[in-house]
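Each chain, written out:
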Amino acid sequence: MAESTLHPWDRPAPERAGRPSAYALLPADFAALGAPGRSEHIFTQCQHPWAWVEGRPRLSREIREWMASSLDTALPEILERHASEDGSTKVVLGLADGQRIEAVHMPREVRNPRVTLCLSSQVGCAMGCTFCATGAMGIQRNLTAGEIVGQVLALLKELGPEKPHQITLVFMGMGEPLHNLEHVHRAIRVFNHPQGLNISTKRITVSTSGHVSGIEKLAKLAPRPWLAISLNATTDEARSAVMPVNRVWNLARLRHALAEWPLGAKEKLTIEYVLMDGVNDTVEDANRLANWMGPLRETHNLNLIRMNEHAASPFKEPVEARLEAFVARLKALGCFVTVRKSRGRDVQGACGQLIREESRRR
Ligand code: SAH
Ligand code: SF4
């Protein structure tokens, strides 16, 4: 976790056959690679999967042949779809080297066509949070930018929506996105590009366990997505016990990094807090949480999440009466608090339940 250590997973997987992925390229990259056509047009066609013909971008034969010989044009393959009763769908995607990731497609309401896509940034995760199924499987590798964008295009092609302004992206699937900042940020540049999906940075959220050096780097990048922090405990002792990252960057250090975050107009930080029965759900925790947030509490979103139980963790969801007391105290202390409705629980697609199928079977 220390900044200077180069981990094996810091090396991105080689794109198939060593070629750059067509989906991670910006218009200028197509031009630099000598694409035989207008680079903006090629980029737009690659990023609009609704217009594709036979699973491929709608482009002239000459360009398609050039792409086939110079680029990796494969998308992650949808291997499984698990539809939840609540309308969300968990999708298992296969990558070129046989690794699998999961993503979740969450339409907001039946009549409202807006959709949130919950994306993975790594195969597994190195952070080892003890309440999280992804953490329990360890880290396999980072996703490449092509795989991250490909994940979105594959979902849109299969499940929609067909209008880019209806899409919200959250990096809340498998992995710690700030452990893979270079590729995550390249993907964000592609999503945000006016000639591509043109997704505004206020509809792209990166959720981190509190990787402070990553937060500080992201703060300086443009385009800059919105930020969510998984807090999950209110004392260093309790937080270090469930989130090893806290031993490197403690609560005070994390709070300092948030104070330095250059908030845009109307931008809000989200603080996520997974409530676990008997671990972090007391009224004293609520007091400390409001205190830690300080001036952030009236303007920023505090998102409470019920622990989703799974086999890899001993923790249980909170008792409803304690959750209510917790919320009431936070509101009394002036916090802007919402309790997140868990989506896709019945198909293991909810927060912290994403895990490769093989590891689930093991
Ligand atoms: N690695 C990033 C993003 C992926 S985790 C992060 O930790 O922020 C997305 C969210 O799921 C985090 O807020 C995390 O705290 C939460 N989460 C993890 N395991 C959970 C579980 N078992 N129940 C409910 N939420 C969980
Ligand atoms: Fe990784 Fe986030 Fe799970 Fe922690 S909660 S193990 S950082 S995916």
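Note: the structure precedes this text.
The notes below deal with the structure included here. (Residues numbered from 1 in each chain as written. Chains lettered and ligands numbered in written order. Predicted model: local features only at pLDDT ≥ 70, side-chain atom pairs only at ≥ 80, totals over all residues. Heavy atoms only, no water.)

## Considering the site of ligand 2
In the vicinity of ligand 2, the contacting residues are Cys125, Met127, Cys129, Phe131, Cys132, Gly135, Gly175 and Ser209. Of the residues contributing to the shell around ligand 2, the split by class is five nonpolar, three polar and no charged. (Near = heavy atom within 4 Å. Nonpolar A, V, L, I, M, F, W, Y, C, P; charged D, E, K, R; others polar.)

## So, the environment of Asn198
Positionally, Asn198 belongs in the loop between helix H6 (181-192) and strand E8 (204-208). In this structure, the C-alpha to C-alpha distance between Asn198 and Gln47, residues 151 residues apart in sequence, is 9.8 Å. The contacts of Asn198, once residues within four sequence positions are left out, are Phe191, Asn192, His193 and Arg203. (Helix = DSSP H or I, 4+ residues; strand = E, 2+ residues; numbered from the N terminus. Contact = heavy atoms within 4.5 Å.)

## A word on the site of ligand 1
Residues in contact with ligand 1 amount to 21 residues; listed here are only the nearest, Phe131, Gly175, Ser207, Ser230 and Asn308. A distance of 2.7 Å separates an oxygen atom of ligand 1 from a polar atom in the side chain of Ser207. Within the side chain of Ser230, one N or O atom sits 2.6 Å away from an oxygen atom of ligand 1. Elements that contribute at least two residues to the shell around ligand 1 include exactly E8, strand E10 (270-275) and strand E11 (301-306). Along the lines of polarity and charge, the residues of the shell around ligand 1 split into eight nonpolar, 10 polar and three charged. (Polar contact = N/O pair within 3.5 Å; in protein donor to acceptor, adjacent residues only side chain to side chain.)

## Topic: the packing of helix H5 (residues 145-159) against H6
The geometry of H5 relative to H6 is characterised by a closest axis approach of 8 Å and an angle of 45° between their N-to-C directions. Here H5 is positioned oblique relative to H6, judged by the angle of their axes. Between H5 and H6 lies a crossing of right-handed hand. Between H5, through Ala145, Ile148, Val149 and Val152, and H6, the contact on the second element is made entirely by His183, Val184, Arg186, Ala187, Val190 and Phe191. Within the contact of H5 with H6, the residues separate by chemical class into eight nonpolar, one polar and one charged. (Axes fitted to C-alpha atoms, helices over the stretch in contact; angles between N-to-C directions. Parallel < 35°, antiparallel > 145°, perpendicular 65-115°, else oblique. Left-handed = near helix turned anticlockwise from the far one by under 90°.)

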